[in-house]
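# Breakdown of the fold
Take a look at the letters that make up each chain.
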Amino acid sequence: MADTFTIHLKVWRQAGPNKPGKLVDYTVDNVNSHMSFLEMLDVLNEQIIAKGEEEPIEFDYDCREGICGSCNLMINGRAHGPKAMTCSCQLHMRNYSDGDTITVEPFRAKAFPVIKDLVVDRSAFDRIIESGGYVSVKTGSAPDANSIPVDKSVADTAFDYATCIGCGACVAACPNSSASLFTGAKLAHLNRLPQGEPERKKRTVAMVEQMEEEGFGDCSNYAECEAVCPKGISISAIAEMRRDYMKATFAGEEV
Amino acid sequence: MNLDSKVPSGPLEDKWSKHLNDIQLVSPNNKRNHDIIVVGTGLAGGSAAASLAELGYNVKSFCIQDSARRAHSIAAQGGINAAKNYPNDGDTIWRLFYDTIKGGDYRSRESNTYRLAQISNEIIDQAVAQGVPFAREYGGLLANRSFGGAQVSRTFYARGQTGQQLLLGAYQSMMRQVHKDKIEMHTRHEMLDLVVIDGKARGIVTRDLVSGEIERWMADAVVLASGGYGNAFYLSTNAKNSNVTAAWRCHKRGAGFANPCYVQIHPTCIPVSGDYQSKLTLMSESLRNDGRVWVPEEKDDDRHPNDIPEDERYYYLEEKYPAFGNLVPRDVASRNAKIVCDEGMGVGPTGRAVYLDFRDAIEREGRQTISEKYGNLFEMYENITGDNPYEEPMRIFPAVHYTMGGLWVDYNLQSNIPGLFVAGEANFSDHGANRLGASALMQGLSDGYFIIPYTVGNYIAQQDFGDVSKDHEAFDEAAANAQGQIDKLFEVDGDRSVVDFHRELGQIMWDKVGISRSEEGLKEAIKQIQELREEFWNNVRVPGEQSNYNKYLEFAGRVADFLELGELMAKDALHRDESAGCHLREEHQSEEGEALRNDEEYSYVAAWEFQGVNGELNEELHKEDLEFDFVELKQRSYK
Ligand SMILES: Cc1cc2nc3c(=O)[nH]c(=O)nc-3n(C[C@H](O)[C@H](O)[C@H](O)COP(=O)(O)OP(=O)(O)OC[C@H]3O[C@@H](n4cnc5c(N)ncnc54)[C@H](O)[C@@H]3O)c2cc1C
Ligand code: SF4
Ligand code: FES
């Protein structure tokens, strides 16, 4: 049977966007090594609710399978916690030991305002996609799928970038709060496919500019983003983005 | 209740094209004068919103997540079917249609299912054009794999993240329309009621999940694409926020709820490990292409699986179903896993698991190939269980996965409330009593991209919408109703948590309305659910405030609805005195444990009309007879 143990937590509590926040101490007994980190927080919340003295801790999640990108915890100062290529929801308590103290905070960035406790507003990401992160194709007007052959290696690489879940860990980890890995990933996905080619320049310029407009910082190659990205998105996406942006703007064409 | 299916006459192959010729169009200039509400941004809602906005309608889109991109569809793993016959193995539209009808145990509508197969090919074209990076062969063309219940390779996939890639395609199309101001996006908004005026759906009431504000939205048509209700079982493979609230509130406003008892139990999930557990994780069915399912022949054999010699392993699916082997449909695989575990051959700490073994596939094809095909699933498994599936077999067990029941719709995907259209998993239409793998994505996208845009237009073209505003008394009443329930939830001020109620409901559902059902069990379940509901309304504790972000308040409303729906699911299961697909009634099975249908008496859709709830849930049963003009009803066999 799995062993049970005790965990101490320091959790960021903030009643609302313009309210002051602080770290609050909690202790959870009966933590089981098979629990996920979020299940451990569920158990803590059940304790808080049973006591009835304060409100349960708010945190975002949905799929709990590492794919929707909802969960966003800064765990001991690291976005999504200590395990590489793992979202907060897929982090299991077997990575911790009896008596550990863990600090839990939201993903912080100017462009991600806190809504409550650990929940932040990441709609800036939607607006970056909105500015050009798509192929303009009308429903029903597509040619037969096999009429656009794509080299397997190109398709595979496009896929690698397309797996970004939009969680925002890259932003939270970056000392400049840059969204370059997120934006670069979408560009690296669409820009390398034949379907994405016609809008390549326009897309690149629009998305890069929107990213700046949202208040994300510049990228200065810290590579912290790549280290925390749960999907292993490579920072070569950022290099590609820069190259494409330069080409598009130097060309002086209207975009 | 009017259950006119509005199926066009004529040969099966021509029904949809004939219908398209007949439906009325809204002129291009006029489209911008019409508002359409789309609830849900999954594959069904996202694709519908994008397509309607492209056509020129003003779309208002709603979802409960913080971004449309996070809708539950994102989690679908294995793939999407289409009858392209790219592998040249003999697939046709007819075959896809036939497999789907048969897989659903002849409890779906022929015409809808045929249309689904027809449209399937367009979906792949659409997705590829959007840049969805499907798996490809070295020649640059699309790759396929096989899925349960079919003998051809017709499943398109993007590694184990097909739903994610398809959803991002639809989401990106949506965001393009948001940019053009054709879609007004409302994230973190929960629909709490439907507004019906002069018998037509004219709007919805939502709660802003951040501010707690109750808001009113008006439109000429409402498209509900709010997903399935598998979370009635508490533990399921669904995302935590998936729920029935939007559909249930429509049901309470008069929309028929069809076949609620048809719940798909997926055979390959990671087994439960403890009572803190919040959800179950699916291991894609595609794993059964290469993984072999077995249990030790001996009961209570606690040797390590790698120490059990070949001749002491019972490959029960391969033995019982030689033609389909490990690729039998989900209901068959789930039922057989339960049987071997009931007989004491189950493995793992709880004895409620069977092995899914890749040893032979790794030997045959090499670790590299297997890792290319399933790498992310293997990692996920290891992450959750701590065991390495390259070194030892996975342990799997069935879990609730998908609901084939949903709001009743006609051929136009319109419910019995005019102006209320229902798409994707939220409707009942295409899968009958069992859904084959890789067909929910197909249905969601077929509904959203290729059906709803036409049929909603047809409806709008024929209406006179008159002069109605958000001050109409029906809006007042719906808003008061939504607020009233929230107030009531806080007033209870009891001492049992929402999660606790949900978990108890789930246990009742799993035990008595799960893989197999019996008359006695169902009657008990109904009683227990009634008692639990009563206790909920006397003893639930909802923490926090209503004018703030409050997840437990959201859950309380959803659990309240599950506590009603659960009773209806059990009632529907009780009344359907036959076995059909995923609905196995213990009283009706062959000696080998196969489901025995009763076509004479039960070849119909059961659509329930809400009559009120007062201690017990009152519902009136209406029947839509299923007519099979083009296929012959046969006992399903995968032997
Ligand atoms: C783990 C997993 C794997 C799967 N794999 C496959 C597969 O390989 N192939 C396949 O074909 N199918 C698969 N399925 C099934 C398939 O994913 C779903 O059936 C399908 O995605 C449902 O799509 P949908 O658009 O109908 O609903 P969903 O994607 O569930 O979307 C529902 C939407 O409604 C919104 N919503 C819900 N309630 C409200 C409300 N009250 N107010 C406002 N908005 C609301 C939500 O925010 C969401 O946007 C899988 C399912 C699971 C769980
Ligand atoms: S690039 Fe990685 S870290 Fe950044 S949003 Fe995408 S998945 Fe998350
Ligand atoms: S909850 Fe979906 S990625 Fe973590």
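Residues numbered from 1 in each chain as written. Chains lettered and ligands numbered in written order. Predicted model: local features only at pLDDT ≥ 70, side-chain atom pairs only at ≥ 80, totals over all residues. Heavy atoms only, no water.

## Concerning the overall build of chain A
Which entries qualify depends on this criterion: The numbering of helices and of strands both runs from the N terminus, where a helix is a DSSP run of H or I of at least 4 residues and a strand a run of E of at least 2. Contacts: residue pairs with any heavy atoms within 4.5 Å of one another. For accessible areas, the Shrake-Rupley method is used with a probe of radius 1.4 Å. Any residue's cover is judged against the shown protein chains and nothing else. Under this rule, positive means Lys or Arg and negative means Asp or Glu; His and the chain ends count for nothing. The atom standing in for a charge is NZ when the residue is Lys, CZ when it is Arg, CG when it is Asp and CD when it is Glu.
The number of helices and strands found in chain A is 8 helices and 7 strands. On the principal axes, the C-alpha backbone points of chain A span a range of 65 × 40 × 35 Å. Counted over contacts in chain A with a minimum sequence separation of 6, partners at least 24 positions apart contribute 69%. Just so you have it, chain A exposes about 9800 Å², and 49% of that area is on carbon and sulfur atoms. Looking at chain A, you have 26 positive and 37 negative side-chain charges, and the mean spots of the two groups are 3 Å apart.

## Some words on the sheet that holds strand β10 (residues 257–258) of chain B
Residue and element names in this part refer to chain B. Condition: A pair of strands is labelled paired if DSSP reports no fewer than 2 bridges between them. Axis angles are defined between N-to-C directions and span 0 to 180 degrees, where every axis is a line fitted to C-alpha atoms and, for a helix, only to the segment in contact.
In spatial order, the strands read β16-β10-β22-β23; together these 4 strands make up an open sheet with antiparallel pairing. Each edge of the sheet is formed by a strand with only one pairing partner; in this case those strands are β16 (406–407) and β23 (616–625). As defined by bridge partners, strand β22 (residues 604–614) adjoins β23 across 10 bridges and the pair is classed as antiparallel. Following the sheet pairing, Tyr 604 is matched in β23 by Asp 625. With respect to the sheet, helix α7 (residues 245–252) is in contact with β10, β16, β22 and β23, its orientation differing from that of β22 by roughly 80°.

## Some details on the sheet that holds strand β5 (residues 101–105) of chain A
Residue and element names in this part refer to chain A. Strand order in the open sheet formed by 5 strands is β2-β1-β5-β3-β4, and the pairing between neighbours is mixed. Bordering the open sheet on either side are β2 (21–32) and β4 (78–79), each of which pairs with just one other strand. As paired elements, strand β1 (residues 4–14) and β2 share 10 bridges and run antiparallel to each other. Across the sheet, the residue bridging to Gln 14 is Gly 21, located in β2. Packing against the sheet, helix α1 (residues 37–51) makes contact with β1, β2, β3 (74–75) and β5, and its axis sits at approximately 100° to β2.

## Brief notes about the packing of helix α15 (residues 519–539) of chain B against helix α16 (residues 551–575) of chain B
Residues and elements named next belong to chain B. Condition: Orientation is classified from the angle alone, with under 35 degrees giving roughly parallel, over 145 giving roughly antiparallel, 65 to 115 giving roughly perpendicular, and any other angle giving oblique. Throughout, a crossing is termed right-handed when the near helix is turned clockwise from the far one, and left-handed when it is turned anticlockwise from it by less than a right angle. Classes in brief: Ala, Val, Leu, Ile, Met, Phe, Trp, Tyr, Cys and Pro nonpolar; Asp, Glu, Lys and Arg charged; the others, Gly included, polar.
Between α15 and α16, the shortest axis-to-axis distance is 9 Å and the interhelical angle comes to 160°. Classified by the angle their axes make, α15 and α16 are roughly antiparallel. In this structure, α15 crosses over α16, and the sense of that crossing is left-handed. Contact residues: Glu 519, Leu 522, Lys 523, Ala 525, Ile 526, Ile 529, Gln 530, Leu 532, Arg 533, Phe 536 and Trp 537 in α15; Ala 556, Val 559, Ala 560, Leu 563, Glu 564, Gly 566, Glu 567, Ala 570, Lys 571, Ala 573 and Leu 574 in α16. A class-by-class count of the residues in the contact of α15 with α16 yields 14 nonpolar, 2 polar and 6 charged.

## As for the site of ligand 1
All names here are of chain B. What counts is decided by this rule: By convention in these notes, a residue is near a molecule or strand provided one of its non-hydrogen atoms lies within 4 Å of it. We define a polar contact as two N or O atoms separated by no more than 3.5 Å, with the added condition that, inside protein, one atom must be a possible hydrogen donor and the other a possible acceptor, whereas residues neighbouring each other in sequence contribute only through side-chain atom pairs.
Surrounding ligand 1, one finds 38 residues, the nearest of these being Gln 65, Ser 73, Met 191, Glu 425 and Leu 441. In this structure, an oxygen atom belonging to ligand 1 sits 3.1 Å away from a main-chain N or O atom of Leu 43. Between ligand 1 and the protein, one listed contact pairs an oxygen atom with a backbone N or O atom of Ala 44 at 2.9 Å. When isolated, ligand 1 has an accessible area of 1000 Å², and the protein chains bury 98% of it. Secondary-structure elements contributing two or more residues to the shell around ligand 1 are α3 (43–55), β6 (189–197), β15 (394–403) and α12 (440–461). When residues in the shell around ligand 1 are grouped by element, the largest group, 3 residues, is from β6.

## Describing the domain arrangement of chain B
Residues and elements named next belong to chain B. Filter applied, for reference: How far each domain reaches was decided by an automatic or database domain assignment. Here the buried area means the combined drop in accessible surface, using a 1.4 Å probe, for two parts upon being joined, counting both sides. Counted as salt bridges are all cases of a side-chain nitrogen of Lys or Arg within 4 Å of a carboxyl oxygen of Asp or Glu.
According to the domain assignment, chain B consists of domain 1 (12–262 + 404–462), domain 2 (265–400) and domain 3 (473–603). Inter-centroid distance (C-alpha atoms) of domain 2 to domain 3 is 30 Å. With 11 residues of domain 2 in contact, the opposing surface of domain 3 contributes 11 residues. Of all residues in domain 2, Ile 265, Arg 335 and Lys 338 give up the largest surface area on contact with domain 3, accounting jointly for 51% of the area buried on that side. Linking domain 2 to domain 3 there are 0 salt bridges.

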